[in-house]
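# An overview of the molecular structure
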Amino acid sequence: MRKRKDTYAKSKVAQKRAAPPSPEMPEDRPTLARINSNAMIGQAGLSVGDRVKIESSGLYAGQIGRIERLMNGVIPSALVRFEGGGGRQVRTIDLTPTPAEEP
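In short, a report on the structure. (Residues numbered from 1 in each chain as written. Predicted model: local features only at pLDDT ≥ 70, side-chain atom pairs only at ≥ 80, totals over all residues. Heavy atoms only, no water.)

## Comments concerning the nonpolar core
Nonpolar side chains in soluble globular proteins tend to be buried together. Formed by L46, V52, I54, I67, A78, V80, F82, V90 and L95, the largest nonpolar core amounts to 9 residues. Residue assignment for this core shows that the elements contributing at least two residues are β1 (51-54) and β3 (77-82). Residue contributions to this core peak at 3 residues, all from β3. Setting aside residues up to four positions removed in sequence, F82 forms contacts with I54, Y60, Q63, I64, G65, G87 and R88. (Core = buried A, V, L, I, M, F, W, Y, C linked by side-chain atoms within 4.5 Å. Buried < 20%, exposed > 50% of the residue type's maximum accessible area, 1.4 Å probe, protein only. Helix = DSSP H or I, 4+ residues; strand = E, 2+ residues; numbered from the N terminus. Contact = heavy atoms within 4.5 Å.)

## Focus on the sheet that holds strand β5 (residues 95-97)
If you trace the 5 strands from one edge of the open sheet to the other, you get β4-β3-β2-β1-β5, paired in antiparallel fashion. Bordering the open sheet on either side are β4 (87-91) and β5, each of which pairs with just one other strand. In this sheet, adjacent strand axes meet at a mean angle of 45 degrees when their direction is disregarded. Taken together, the 5 bridges between β3 and β4 define a ladder with antiparallel strand orientation. Across the sheet, the residue bridging to L79 is Q89, located in β4. (Pairing = 2+ DSSP bridges. Axes fitted to C-alpha atoms, helices over the stretch in contact; angles between N-to-C directions.)

Spelled out as structure tokens, the structure:
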């Protein structure tokens, strides 16, 4: 005797159809990642020991620190150390030189 083939109902996920794209959707989404192609060029004039300010967004945005190490690669970056002891690797294009501290 042959076994009868089992039939299962389709899942609810498989039954849903994707909505057609609406023409009102904005082309520039706020969650879309933007790539700065100028980051590959880097920034000239930075050296180890320089005092810099981070202009990018993130945890250390607006903080002032010193360059501890420069790294060359596809996207040049620098290890910046802050007075509080924290450090961060930052693209050199996001760094702005600041004047030395006044004693």
